[in-house]
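One-letter residues, chain by chain:
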Amino acid sequence: MPTTSPGAPAMLRRVNDALASLIAFLLILSVAILIIPVTLQILSRYTPLIPAYIWTEELARFCLVYAVMLGAMLAVREGTHFVVDVFPRLSTVGEARVELIAGSFVLLFAFVFLWWGWEFTEFAIYRISELAELPLWIIHAAWPIAGAVWLLFEAERMLNALAVLRATGEGRA
Amino acid sequence: QGTITLNGASQFGDEHPYTKALVRFEELVKQYYGKPINFVLHKNSSLGLEKQYFEYMAQGRAVDYAIVSPAHMSTFSKAAPFVDAPFLFRDVAHWNAVLDQDMFKPVADEVEKRARVAMIGYGGGGVRNIFFNKRVTNLAALKGLKVRVQGAPIWSRTFSAIGMSPTVIAYNEIYNAIQNNVIDGGENEAAGVEQMRFYEVAPQLSMTQHAITIRPLCVSVQTLSKLPNDLQAAIRRAGKEASAFHRTAEAGADSQILETLEKAGRLHRVEFTDRAEMKRLVDPVMATYAREIDAEGILNRINALTA
Amino acid sequence: MGGNVLDAGSAAAILFGIFFTLLVLRVPVAVSLGLACLPILLVEPRLSPMMLAQETFNAYNSFILLAVPFFLLTANLMNIGGITDRLMTLSRSLVGHFPGGLAQINVVLSFFFAGISGSSTADAASQSKIFIEAQRKEGYDDSFSVAITAVSAVLAVIIPPSILMIVWGGVLTVSIGALFLAGVIPGALIAIVQMGTVHAYAKARGYPTYPRATLGQIGQAFLVSIPALLTPLIIIGGKIFGWFTATESACVAVLYAGVLSLLVYREMDWRGLVNALGETGRLAGITLFCVGTASAFGWLLAFYQIPEYLLSGVQAWGMGRIGTGFFIAAVFLVVGCFLDAIPAIIIVGAILQPLTQAVGMDPVHFAMIGIVSLAFGLVTPPYGLCLMIACSVAGMRVGDALKDTCIMLLPMLGVLALIILFPSIVLVLPNLVSPEFLR
Ligand code: NA
Ligand code: NA
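Residues numbered from 1 in each chain as written. Chains lettered and ligands numbered in written order. Predicted model: local features only at pLDDT ≥ 70, side-chain atom pairs only at ≥ 80, totals over all residues. Heavy atoms only, no water.

Q: Whenever I open this one, the overall build of chain C confuses me. Can you help?
A: Regarding its fold elements, chain C presents 23 helices and zero strands. Relative to the 2.2 N^0.38 estimate, which gives 22 Å for 439 residues, the radius of gyration of chain C is 22 Å and therefore close to what a compact globule would have. Dimensions of chain C, computed from the C-alpha atoms along their principal axes, are close to 75 × 45 × 45 Å. Considering only residue pairs separated by 6 or more positions, chain C has 79% of its internal contacts joining residues 24 or more positions apart. For chain C, the exposed area adds up to about 13700 Å²; of that, 68% sits on carbon and sulfur atoms. The distance from the centre of the 18 positive side-chain charges to the centre of the 19 negative ones in chain C is 7 Å. (Helix = DSSP H or I, 4+ residues; strand = E, 2+ residues; numbered from the N terminus. Rg over C-alpha atoms; globule rule 2.2 N^0.38 Å. Contact = heavy atoms within 4.5 Å. Areas by Shrake-Rupley, 256 points an atom, 1.4 Å probe, with all protein chains shown as cover. Lys, Arg positive; Asp, Glu negative; His and termini not counted. Charge placed at Lys NZ, Arg CZ, Asp CG, Glu CD.)

Put into structure tokens, the structure is as follows:
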């Protein structure tokens, strides 16, 4: 077993680390905010002190959208998206090969989200949300952002896997 | 190129006036076009909800025609919900006159420009009333009651103006919210009351007649522009007539549904005595709203119409 | 705008073919579901891959789904705030002396947890961390530990509150209050047969037992647990007395768990809270992201009218009420293997409803057959969220836990059969407590 050789370039790692921390922070924030509009919505029915805002329902939904998308972005970095495992337990090399195969499909998926997510965002560009009248593209933008972030995260994972394959290949040669 | 196929969508099943109107549209297009053409109507919300049908038509994808409440067009055009705003019409005759004179053309043009969806006919005609689990006959009794209204700002503003406390709750949570007294009532036309079985939890229907619905039959402009000219003409003609059919069907269905439910002892119509006073309270709110969305001219013409 | 390029049969073949192929290649489930849609979205001139964005957005942009992160957060707050510990002590004093004591506690803790949370994924995630390692240390087989943790987690959506009941009630207009009450007895029955299963396993394999707790210990464990045990009363009471809607009740569960953790048991600190929020976001992201791509997948099934095509002619079979019940259960059990329960209710529930009306089945009975079957789908692969969560915590492959999971499902299927044969199992409580809920 060779020691893990540096796979992805250090620059990519640093960018991804910073990105992951930022996403984790925003994720925590969006889950925390989620509680506020719903609590306001309940309380407003019982006390005149809190006005019955009509945007609470919409704000809660948009927080949920962002929480889901941020969580899904982070899961690629952390490798926690669910997989159904049918292979027998694999060696390090086998793991790396599977990572490369499965990873290329994740890249394809990320590209779909980036490319058509961009179209999806453009489709919302002059539109405003129904209740809070927020610009709708801000919400739709989560899709191309997710695509771009996945490309970066998955690229790092695949470069690492490639390095494992290369290192063992040299070891055998 | 093979036979042209058009895909429609409805949230409802075969018995609902919307679905019936869409089926009539299909028949009429076939009749006027005279050449082979296929229709696929996706019923029972299988392709999602009206709001999504509209987005698909705007994208020129998946759904080619559907009946959509103007409230769902608001993200494209702020003026769209005005078409269906509460307290706009004095009665069904007034409503008919407004539609006959095509007074909403400026709004329809804006929607077509921004969303690329054409309204080829105006159906609807459901009279909306408020259902409660207790008898409410006048304005004083309405005071402070929590009622679920549609998620467009004009609805909560007008309902606040008449002293109610409007609440925004997801459409599919209304039934349970009333049952559990989270809210006192909701508002809808007869077909909606029957479809969602609101009468089970709120059998007292206060006949406020605060709104008469307009439900445009919409076609995706992207679809339409790719069709042969004779088919486009057939669709436009069929759209008008199917919508006229929709209006008669809904007006008939409206009272028939209420009568059937009342006979079965499931619902009681409660006379509401303060409708004129209610409209008077709302008028200034409507005027402000019309000014905000540049629809003052339309509102004035509607109000001036004596029918 | 011509006709569809693909017919229903080939569309179904593409969707399922690609989905399974990618699963075998170890592509994440959510990605596999999304990519299965891609060729169709590209090939059909009337569709576009942008609909993948549109349909996932539509799925997440739903007020009802908010209940999922709220229930997950409740579970995390319970863990860090000391509520889970108290309930664990109580469970241990009650059933620790049965054969397979720790696994019995696993089931009973899920039963208590189910009364507070409506999300099975939350239960699977938190209890996998507690039990799998602990059971491993006491000599339980890993596949057994994973399987019992996963199957006991399904109780969370059968016993009220329940995200599936909230969705079902909203989509098919059934009283959620009645569904909540209807779930109590089936949930208890399933917990009992699971304890029986553990008993059989423990006898056969010699799993360990704890000493019996004294009455004093039981009493003490019960006393400290009272504030936590009150949660179901607040949630169900809140629904019955109209303090909040079903979705809001999940938020109330969060607030109550927060209050208990901060003020009553006082074990939550700032760090713990931040971690709980992070954990909640991560798991909500993973599970709901799957719901989104599964919805897109389901949307295409609906677009080609594949379910109608498969179910056409069923009415002509002339099944009676019981036959229809078994048929519905079978459909939902099969669907539950491939689709998330939430899109399954939206797509399949509406199609099956007329069938049940034709044979005069009570809507609450229909709902419970559907919900229990879909709950079992949470542990049936390839798309079995709870099983996947438990496996990932245990660092195990889904395939290795399959045999024990299937064995444990057999008696649970027996309970499902009882529910179908005897509607009163589900209807008696709603009738008793609030007959006005049933009409
Ligand atoms: Na458990
Ligand atoms: Na539960």
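From this point, things continue past the structure.
Q: How do you make sense of the coordination of the sodium ion (ligand 1) when you look at a structure like this?
A: All names here are of chain C. Bound to the sodium ion (ligand 1) on the protein side are Asn106 (O), Asn106 (OD1), Ser110 (OG), Gln127 (OE1) and Ser152 (OG), at distances that span 2.1 to 2.7 Å. Along the chain, the residues donating to the sodium ion (ligand 1) are arranged with the sequence spacing N-x3-S-x16-Q-x24-S. Remark: glutamine 127 occurs in helix H7 (residues 120-137) and asparagine 106 occurs in helix H6 (residues 101-114); sequence separation between them is 21 residues. Judged by relative accessible area, asparagine 106 falls into the buried class, the value being 0%. (Donors = N, O, S within 2.8 Å, 3.2 Å for Na, K, Ca; no water. Buried < 20%, exposed > 50% of the residue type's maximum accessible area, 1.4 Å probe, protein only.)

Q: Any chance you could explain the coordination of the sodium ion (ligand 2) here in plain terms?
A: Four donors placed tetrahedrally about a metal ideally form angles of 109.5 degrees, and six donors placed octahedrally ideally form angles of 90 or 180 degrees. Residues and elements named next belong to chain C. The protein atoms donating to the sodium ion (ligand 2) are Ala114 (O), Ser117 (O), Ala156 (O), Ile159 (O) and Pro161 (O), with metal-donor distances spanning 2.2 to 2.4 Å. One chain supplies every donor for the sodium ion (ligand 2), spaced along it as A-x2-S-x38-A-x2-I-x1-P. Of this pair, serine 117 sits in the loop between H6 and H7 while isoleucine 159 sits in the loop between helix H9 (155-158) and helix H10 (163-172), placing them 42 residues apart in sequence. Isoleucine 159 carries the same exposure label as serine 117, and that label is buried.

Q: Teacher, can you tell me more about the pattern of salt bridges here?
A: Note that side chains of opposite charge can pair when their charged atoms are close. For the structure on display, the rule yields 32 salt bridges over all chains. As a salt-bridge pair, arginine 291 of chain B and glutamate 296 of chain B come within 3.5 Å of each other at their nearest N and O atoms. Assessed through its relative accessible area of 48%, arginine 291 of chain B is described here as partly exposed. Of the charged contacts, one joins lysine 129 of chain C and glutamate 279 of chain C as a salt bridge, the two residues approaching to 2.8 Å between their closest N and O atoms. Pair noted here: lysine 129 of chain C is in helix H7 and glutamate 279 of chain C is in helix H16 (residues 270-303), with a separation of 150 residues, a long-range link. The exposure class of lysine 129 of chain C is partly exposed, given its relative accessible area of 49%. Judged by relative accessible area, which is 36%, glutamate 279 of chain C ranks as partly exposed. Each of Asp17, Arg77 and Glu156 of chain A takes part in salt bridges that share partners, so that together they form one network. (Salt bridge = Lys/Arg side-chain N within 4 Å of Asp/Glu carboxyl O.)

Q: What should I look at first to understand the packing of aromatic side chains in this one?
A: For any pair of aromatic rings, geometry is given as the distance between the ring centres together with the angle between the planes. Counted according to the given criterion, the structure contains 39 aromatic pairs over all chains. Here phenylalanine 144 of chain C and tyrosine 201 of chain C contribute two aromatic rings whose centre-to-centre distance is 4.9 Å and whose plane-to-plane angle is 50°, an arrangement assigned as tilted. Of the two residues, phenylalanine 144 of chain C sits in helix H8 (residues 142-153) while tyrosine 201 of chain C sits in helix H12 (residues 184-205), which places them 57 residues apart along the sequence. Given a relative accessible area of 8%, tyrosine 201 of chain C falls into the buried group. Feature note: the residues Phe109, Phe113, Phe120, Trp143 and Trp150 of chain A together with Phe57, Tyr60 and Phe289 of chain C constitute an aromatic cluster, connected by ring pairs. In this structure, arginine 24 of chain B is placed above the aromatic ring of phenylalanine 245 of chain B, and the distance from its NZ or CZ to the ring centre is 4.3 Å. Between the NZ or CZ atom of arginine 92 of chain C and the centre of the ring of tyrosine 210 of chain C, over which it lies, the distance is 3.8 Å. (Phe/Tyr/Trp six-rings, centres within 6.5 Å; stacked < 30°, edge-to-face > 60°. Lys NZ or Arg CZ within 6 Å of the ring centre and 35° of its normal.)

Q: Is there a simple way to think about the interface of chain A and chain B in this case?
A: Interface size is commonly expressed as the accessible area that is lost once the parts come together. The interface is formed by 15 residues belonging to chain A together with 23 residues belonging to chain B. Of the roughly 1600 Å² buried at the junction of chain A and chain B (both faces included), carbon and sulfur atoms supply 55%. At the surface where chain A touches chain B, the tally comes to two salt bridges. Among the salt bridges present, the one from glutamate 55 of chain B reaches arginine 127 of chain A, with a minimum N-O distance of 2.6 Å. Between the two partners, chain A and chain B, sit four residue pairs in polar contact (both at pLDDT 80 or more). (Buried area = accessible area lost by both parts, 1.4 Å probe. Polar contact = N/O pair within 3.5 Å; in protein donor to acceptor, adjacent residues only side chain to side chain.)

Q: Just to check I follow, could you spell out the side chain of glutamine 127 of chain C for this structure?
A: Owing to a relative accessible area of 1%, glutamine 127 of chain C belongs among the buried residues under this scheme. In this structure, glutamine 127 of chain C is in contact with Asn106, Leu109, Ser110, Phe113, Ile132, Thr149 and Ser152 of chain C, ignoring residues within four places of it in sequence.

Q: Where do I start with the layout of surface pockets in this structure?
A: Gaps left between atoms are located by rolling a probe of water-molecule size over the structure's atoms. Approximately 1100 Å³ is the volume attributed to the second largest pocket. Around the second largest pocket, the lining comprises 43 residues; the ones closest to its centre are Gly79, Thr80, His81 and Val83 of chain A together with Ser392 of chain C. Listing elements by their share of the lining of the second largest pocket, those giving two or more residues are helix H2 (56-78), helix H3 (92-122) and helix H5 (142-172) of chain A together with helix H4 (67-81), H7, H16 and helix H21 (385-394) of chain C. Per-element accounting of the lining of the second largest pocket gives the leading share, six residues, to H3 of chain A. When grouped by side-chain class, the residues that make up the lining of the second largest pocket number 22 nonpolar, nine polar and 12 charged. (1 Å grid on protein atoms, 1.4 Å probe; cavity = no way out; pocket = protein on both sides within 12 Å on 5 of 7 lines; lining within 4 Å. Points joined across faces, edges and corners; volume = space filled by probe spheres on them. Nonpolar A, V, L, I, M, F, W, Y, C, P; charged D, E, K, R; others polar.)

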